[in-house]
Structure formats: structure tokens, C-alpha cells
Amino acid sequence: MSKIKRYVLHESAHIAPFNQPARELNVLNKPIWLAQRDNLAPYCEVEVPIEAMNDLPTTPEEIIVYRDNLYFDADFVNDFVEAARKAAVPCRVAIRSTETDQAFATYCLPLARNLQAVNKKSENGIVRSGHTREEVDYYLFDLWYFPRGYQPGAPISPLHMKLDSEEVGFYSVPDYMSNRGDLTHWMTKRTIISVEHWLHLFFANVPMGIFSIGHRFEHKQKNSNLFTLKVLMRALIEQTQLLSSAELVHVGRNCTINPTAIIQGPAFIGDNVTIGAGVVIQNCYIGNNVNIDQGSQLMLSVIGDGCFIPFRASLYLTVLMEHCIVAQNTCLQMCVIGRGSFIGAGSTFTDYNLLPKPLEVEAMDGTRERVGQPVLGSCVGHNCRIGSGMVVYPGRMIESDVILFAKPDRRIVRKNISFEESDHHDLRPEIARLHKPKYPRLVQGEGEVPFLESW
């Protein structure tokens, strides 16, 4: 079958605290624009960027249109293209109301502004501009299919898709300690999410990403005796535990793994990776040129290219973009760390509210919104330097290019930290200028500010 032409709508809004558009941020160690291209590669070759739907040509050709802040995996793309071609009419991806898909309600809907809410009477309005969830019939994503080109004014049918979510526990906390209901995540068989907040980036990488990939392996094992036999035979040949066999643990080229390290899959390890003695890795995605020193523990985390994790660091449901350093005895739980950032030794990013208060996430502009998460870590932007011994409260943001020293008046991060509050501003000018900001904030109406200096 002929290839589909794809048109990409540009989303210019920057995601705090990274000060970059969503397309440049990583999901499973790839920028979103690259993940979009790779997942659509079996169906599409030519890509054309556009600013609005009116820029689409009206020539009769098969096309796909999507906004570049959408993340969708290969499983979703396969089902979408199959269903759209079967329908053979202009259509747009739709997800039914929240009662029928808990993963969508839990991860995609909070903090989203681009999702269009549709009730039975009207197809206008955003969910936070008048509709309540009870009134909404379905939500529309910015992903369209046109079998014979775009015709302005022609009707576009909703193409109802499902994430097929299933509830899975992720914390073994006694009931008398949790005091806020079950601590669970929703696993998906296919993933689509509009990335408009750092929290969506976390959801795309962890519960809808590496966590769901692991759950799909478990589901395949339960429903396929042939697959189970294949895993068992590989484990017998390698004389290893089932979850550590090469069938579930992909290891790239030129890797050095200490024999005492424990790696359980499904896990993906890139090229030129060094893993030291006593390291424990469970269900993680690890990029190329990564160095993990002895005694570190990683669980359900995504580690970007070129990261360095010294001894006894702990990462749980955490995302590191490329070239990060997480120093010894540091604990990161349910966090997202931007590229090129450093987290000092003995720092702790907490994820659990000590009081049974609904967790709210605050944006850089000061607005707050409940996100329906009983526990949640924090987010650090790009090119940050966080000193040793810091404690960060749940749900906080540290903007790109910030430096924080541990000092008597600020060893605990209780609120969001902007670039203007960076500690390097308090140093002598000749010292302060040694830190080169690389990700300036987008000034409304002025376009992106160029880099102040190169490294």
C-alpha cells in the first residue's frame, strides 16, 4: 500500500520548567518529534510542517495530521491507521468519557488544555471552559486522518479509540499508613497523550511507558504458552532466572556488566553501558554510554544517553534525560530530571504527603491544580546544578539553569524555584558568569531569547 503523507502542526508553547516546546522533550529516551517519526515510519515518509489546518493542501491524497506535542506509541499508531483506513472517511481520534477509560482520566485529562470536550449537544469548548466531566461524551485529540485530502468545511467523524487500561498496584504500603486509598497505576495496551505539562512527560515515560511495556510482557506471558516456553528455554540455556534471560533483557553492544549485578526485565540497555557490582535494575530503559556504579538501585525508570549514576544512588519511577549526573546516596522518586543536570550527593526528592491532603501541582505562574495522584515527585529543568543534602517537597519545579546551594536558609525546597532565584546570582559577577544559561524562558510576544553564551 502507498505511503501516507504526514503534516505536523507546530505547538510553540514551552513546557515549564524546561523552557522548551514539548516536541524537544524525551519519552523513552527519544525527543517526541523523533518518537513520532519512528512510530509512523511504517506508514509515512514525507513530513510537512504547518502552522494551521488552513495550510493543508486540498489535493486528493491520503494524509495524517497531528500536533507535535502529542506522544503516541507504535501500538496506538498501528490500531489508529488500521481503523482509519477501514472507516475510509475524514476522522479525528476520540476517547470516550472518563468512566470507560481510567488511564485517560487519570493521566491525559488533568492539566490538559488542547483536549476538546464534546457533549451530545455541541462540539465546542474546552473541558475547563464550561463542561463538567459528567456532561462530556468524548474528548478529541489533535490527530486526524484524511483518505482523500483535506476539504475545508467537510464533516470530520470522531474515530473512537481505546487505551485499554488495567489497574496495577505499585506500592506495598499498609492501609493504616496510606490513609488515602489504594496506591495504583493504570497500565495501557496503547498510549496517546498530549504533553502540556511536565507531569504528562512523567506519565508518558513511566506508567504509560516503561511500566505499561512491562505489563504487556506479563499479559503476553499469561496468554501465550509458546512465548512462555520460549522464555523458559532461553533461561535454561543461559542458566539464569526467567526475568533475567536475554528474551526479556535486551543488552546492546560493547557493554560491561559485573556478574553480581541483578537485571530483571523487561529491560532495555543500550550500547557502551557500564554496570558495576551489586547494581539492581528492574524494568528500566537505559540509553547509550551510561555508567551505573556499584550498589545503585533502579526500578521502573528511564535513563538517558550519557548519564552517570555513582554508587548507592536510588531511582524509582524516575526519568533522566541525557547527560545527567545523580551523585551517591541520592534518592529520586517519581521525578523528571532535564538534560545536562546535576543532583548532588545525599539529596532526597520526596513523593509522599505526610498529611492526607489532595496533592496539587503548581505552575510557574502560580496557578494550582489537583492532579489526582496520591504520591508524586518533582521536576528539575535542563542544565541545573543542585547541591548536596537538599530535600525537595512533592510536586515542586526547579527551572532550567538554576543553581541551588545547600545553606542554612534554604536546604529544603518548599516551593517552585525560578531562574531569578538561582543562588549563582548572589555571587561576585566574575564567579556568576561561569555558569552559562542555555535554556532561557520564552518571553511572551518576543519569541525565544537566544542563548546568552555557548559552552
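Scroll up for the structure.
What you are looking at is a predicted structure, and each value in this text was computed from that prediction instead of being measured. (Residues numbered from 1 in each chain as written. Predicted model: local features only at pLDDT ≥ 70, side-chain atom pairs only at ≥ 80, totals over all residues. Heavy atoms only, no water.)

Considering the pairing of strand S9 (residues 91-96)
Link 1 in the chain: Within S9, 5 of the 6 residues are buried, which leaves it mostly tucked inside the rest of the structure.
Link 2 in the chain: For S9 and strand S11 (residues 138-146), the ladder comprises 5 bridges, and the chain directions are antiparallel. Within S11, the residue paired with arginine 92 across the bridge is tryptophan 144.
Link 3 in the chain: As paired elements, S9 and strand S12 (residues 157-161) share 5 bridges and run parallel to each other. Its bridge partner being in S12, alanine 94 is matched across the sheet by histidine 160. (Buried < 20%, exposed > 50% of the residue type's maximum accessible area, 1.4 Å probe, protein only. Helix = DSSP H or I, 4+ residues; strand = E, 2+ residues; numbered from the N terminus. Pairing = 2+ DSSP bridges.)

Overview of the sheet that holds strand S22 (residues 285-286)
Link 1 in the chain: Pairing within the open sheet is parallel, and its 8 strands lie in the order S16-S19-S22-S25-S28-S31-S36-S39. Whereas interior strands pair on both sides, the edge strands pair on one side only; in this sheet they are strand S16 (249-251) and strand S39 (397-398).
Link 2 in the chain: Here S22 pairs with strand S25 (residues 302-303) via 2 bridges, running parallel. When the bridges of S25 are listed, isoleucine 286 appears paired with isoleucine 303.

Examining unusual backbone geometry
Link 1 in the chain: Of the consecutive residues alanine 16 and proline 17, the connecting peptide bond is found in the cis state with omega at 5 degrees.
Link 2 in the chain: With respect to the helices, strands and loops of the structure, proline 17 is situated in the loop between strand S2 (14-15) and strand S3 (20-21).
Link 3 in the chain: Phi angles above zero are rare outside glycine, and alanine 88 is one such case at about 60 degrees.
Link 4 in the chain: Tracing the backbone through its elements, the reader meets alanine 88 in the loop between helix H2 (74-87) and S9.
Link 5 in the chain: The residue asparagine 254 is not glycine, and still its phi comes out positive at about 55 degrees.
Link 6 in the chain: Topologically, asparagine 254 is positioned in the loop between S16 and strand S17 (256-257).
Link 7 in the chain: Looking at asparagine 254, the relative accessible area reads 62%, which means it is exposed.

Looking at the environment of valine 8
Link 1 in the chain: As for its placement among the helices and strands, valine 8 is situated in strand S1 (residues 4-9).
Link 2 in the chain: Overall, the relative accessible area of 8% leaves valine 8 in the buried class.
Link 3 in the chain: As for valine 8 and tyrosine 66, which are separated by 58 residues in sequence, their C-alpha atoms are 5.3 Å apart.
Link 4 in the chain: Leave out the neighbours within four places in its chain, and valine 8 touches Glu47, Val48, Pro49, Ile50, Tyr66 and Asp68. (Contact = heavy atoms within 4.5 Å.)

Describing the pattern of salt bridges
Link 1 in the chain: Scanning the model with the defined rule gives 24 salt bridges in all.
Link 2 in the chain: Here arginine 234 and glutamate 238 are joined by a salt bridge, their closest N and O atoms 3.6 Å apart. You can see arginine 234 and its partner glutamate 238 sitting in helix H6 (residues 225-238), 4 residues apart, about one turn around the helix.
Link 3 in the chain: Residue arginine 234 is classed as partly exposed on the basis of its relative accessible area of 33%.
Link 4 in the chain: For the salt bridge of arginine 410 with aspartate 423, the shortest nitrogen-to-oxygen distance reads 2.5 Å. Taken as a pair, arginine 410 in the loop between strand S40 (403-404) and strand S41 (412-413) and aspartate 423 in the loop between S41 and helix H7 (429-432) lie far apart in primary sequence, 13 residues in all. (Salt bridge = Lys/Arg side-chain N within 4 Å of Asp/Glu carboxyl O.)

Brief notes about the layout of surface pockets
Link 1 in the chain: Computed from the structure, the second largest pocket encloses a volume of approximately 400 Å³.
Link 2 in the chain: What lines the second largest pocket is a set of 21 residues, among which Gly214, Glu218, Gly265, Pro266 and Asn283 lie closest to the centre.
Link 3 in the chain: Mapped by element, the contributors of at least two residues to the lining of the second largest pocket are strand S13 (166-169), helix H5 (198-223) and H6.
Link 4 in the chain: Among the elements that take part in the lining of the second largest pocket, H5 stands out by supplying 6 residues, more than any other. (1 Å grid on protein atoms, 1.4 Å probe; cavity = no way out; pocket = protein on both sides within 12 Å on 5 of 7 lines; lining within 4 Å. Points joined across faces, edges and corners; volume = space filled by probe spheres on them.)

A word on the nonpolar core
Link 1 in the chain: Within the largest apolar cluster, 75 residues are counted, with the highest numbers of intra-cluster contacts made by Ile64, Phe80 and Trp198.
Link 2 in the chain: The element best represented in this core is H5, accounting for 11 residues.
Link 3 in the chain: When sequence neighbours within four positions are dropped, the list of residues in contact with isoleucine 64 reads Ile4, Lys5, Arg6, Tyr7, Leu40, Cys44, Phe80, Val81, Leu143, Trp144 and Tyr145.
Link 4 in the chain: The next biggest cluster of nonpolar side chains, apart from the first, holds 37 residues, and it includes Ile263, Cys307, Val326 and Val413. (Core = buried A, V, L, I, M, F, W, Y, C linked by side-chain atoms within 4.5 Å.)

By themselves these figures say nothing about function.
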